[in-house]
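Each chain, written out:
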Amino acid sequence: MINEIRNAVLAIVNKNNYGYITPADFNLYAEQAQLSIFEDYFQSYNNQISRENARTLGTGYANLRQITEEVIDTFSMVQSLSQYAASTFSIPPDCYLMINVLANGKTAEKVSLNRINQLLASNLTAPSVIYPAYVVSGGLQGTTPPPQVLVQRITMYPTSIISGVTLQYIRYPRLPKWTWLNVGVNGDPVFNSSAADYIDFELPETDSPLLISKILQYAGISIREADVYKLGATDDTAEYQKDRS
Amino acid sequence: MGYISQYEYYDNNGNSPNSANWGSYQYVSLEDIVNNFMLMYQGNHELINNINRYQILFFAKRAIQELNYDALKEVKVLEYPIGSDLKLFLPSDYVNWVRISAEVNGVLFSLSENFQVNFATAYLQGQNGQLLYDQNGNVLSPQYSELDLGRINNTAPSLYTNPLSPYNGQYGWCIDDVWYFRWGIGGAFGANTETANVNPTFSIDKQSGVINFSSNMSGLLCVIEYISDGMENGNDGAVKVNKLFEDYIYAAIRYSILNNRFGVQEYIINRARKDRRALLMNAKIRLSNIHPGRLLMAMRGRDKWIK
């Protein structure tokens, strides 16, 4: 899919000799475009639920919520969490949204930091092995230098939970990478899908037009061509409106 | 929790104790209630959404507590020998008593509550009547007050009841099974009917968490029937409720949440309240277990000759 999209983008840009997009630049734009569309899925999902409650969304082929849900579900992961210290565990770096935290098979509940002390002091609802809870906190990993990295961690309650913690989460899409082998006869790099670092887009094929629009926007800004940017932006807005009408 | 096999039910899969699951089918666990509520009554398309599980847990437990106080007949029984201090410590999960009995020769005699105070906390005083304090500024107390001593040592008079005796209804002292009275013969007018009973009496000191008995309870076995709040000493895994009340618990949680939420229309709250009330009444009727077999047993006594 990534090669088709690159070809389409280059075809549009080159038609009027606007310029050339190098593989490295294309990969950067592709990464941003994919992330942007990925985040829009969650916004769309929320809108579709509102529409469903307002009875303006149908079932069967008209069930847009299900379509969105299925796309998001393809990014779901399950992973055992590694212990950082005592009852604190590290969150995988590719985690976008935590769905469920399971402590020895029991679903743990996320509690805000400003509530946890009250919950721990509660006689009826204090976290237990059957009803565990967790709070999310940040932390710095690594030593300086090199610079430390900000990471997410969770602390389980009751603090006797020191193992058996599993996370079901939605991961970020992997960064797409268009890889090439050598320069062709007309000076263009030739696509190589066998490269070790090759990564295709992870969004469905139906997002191709949107990906092209978004990449064109970034490319338009890069090559200082307002027309290219406008073309991408108009397309993007039209898609957005369609999603919400 | 899913259904269990008959082997697990009758023999606990061969584990000890094998009676662990007996009668369990009539109950639904708190864990199931919370899980079912989260699944069925909470969500994007339900009346309730974006609710924390601990809120559901709280309201579920409150509903179970209220049921235990009010409607359930889950009476717990504890036996305890009463020593010379004439005290029974209230059970750790005690909320209120149903009946307190004394066991004598294998027969349980119901005891009546003595509303006359026969226990107290006393303060130690100096020669001039001033209170005495410890180094922390707390007033000193003796181990027993005079009221306690009177009850424990049997120096306080007790009511003598024997219709065949001329001393019937008089206050006296029973020492070594012999009764002593202040005067020879005469009526004790205005007998206290609350304590006019040959059995020991008791009074409950809620602050101290003990039941104080009259002196003739010493050495007897006390059997206390009491109700708890169903919280099983904080063991969430053991909290359960009869299936006849399951729907009521859901309705009670639903009402409590809707009633406390901002912006919920009054008609929705009213609907939830009516739902809860109707289900509670339904469940009470179900639990009262009125059926022809029971009525028949009661009706059989109608032809009995009373001499």
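Quick caveat, the model's predicted, so the values are computed rather than measured.

Novice: Please set out the side chain of Asn-212 of chain B residue by residue, giving values where relevant.
Specialist: Structurally, Asn-212 of chain B is set in strand 11 (residues 210–213). A distance of 3.2 Å separates a polar atom in the side chain of Asn-212 of chain B from a polar atom in the side chain of Lys-87 of chain B.

Novice: Could you give an account of the pairing of strand 8 (residues 170–175) of chain B, naming the residues involved and the relevant values?
Specialist: Residue and element names in this part refer to chain B. Note that strand 7 (residues 158–160) and strand 8 share three bridges and pair antiparallel. The residue of strand 8 that forms the bridge with Ser-158 is Gly-172. Sheet analysis places strand 8 next to strand 9 (residues 178–181), joined by four bridges and oriented antiparallel. Looking across to strand 9, one finds that Cys-174 is bridged to Trp-179.

Novice: A description of the nonpolar core should follow, citing residues and the corresponding values.
Specialist: Ranked by size, the top nonpolar core spans 39 residues in total, and within it Leu-67, Phe-245, Ile-249 and Ile-253 of chain B carry the most contacts. Ignoring sequence-local partners within four residues, the contact set of Ile-249 of chain B consists of Ile-33, Ala-63, Ile-64, Leu-67 and Val-241 of chain B. Grouped together as the second largest cluster of nonpolar side chains are 28 residues, Val-9, Val-13, Ala-30 and Val-71 of chain A included.

Novice: I'd like a description of the interface of chain A and chain B, backed by residues and values.
Specialist: Between chain A and chain B, the residue contacts involve 18 residues of the former and 16 residues of the latter. Looking at the side of chain A facing chain B, the largest losses of area belong to Glu-109, Leu-124 and Tyr-131 of chain A, adding up to 49% of the total buried there. Ionic pairing is found between Lys-106 of chain A and Glu-31 of chain B, a salt bridge with its closest N-O pair at 2.6 Å. Taken together, the elements giving at least two residues each to the side of chain A that touches chain B come down to helix 2 (23–53), strand 5 (106–110) and helix 4 (113–121) of chain A. For the side of chain A that touches chain B, a count of residues per class yields nine nonpolar, four polar and five charged.

Parameters and conventions
- Residues numbered from 1 in each chain as written.
- Chains lettered and ligands numbered in written order.
- Predicted model: local features only at pLDDT ≥ 70, side-chain atom pairs only at ≥ 80, totals over all residues.
- Heavy atoms only, no water.
- Helix = DSSP H or I, 4+ residues; strand = E, 2+ residues; numbered from the N terminus.
- Polar contact = N/O pair within 3.5 Å; in protein donor to acceptor, adjacent residues only side chain to side chain.
- Pairing = 2+ DSSP bridges.
- Core = buried A, V, L, I, M, F, W, Y, C linked by side-chain atoms within 4.5 Å.
- Buried < 20%, exposed > 50% of the residue type's maximum accessible area, 1.4 Å probe, protein only.
- Contact = heavy atoms within 4.5 Å.
- Buried area = accessible area lost by both parts, 1.4 Å probe.
- Salt bridge = Lys/Arg side-chain N within 4 Å of Asp/Glu carboxyl O.
- Nonpolar A, V, L, I, M, F, W, Y, C, P; charged D, E, K, R; others polar.

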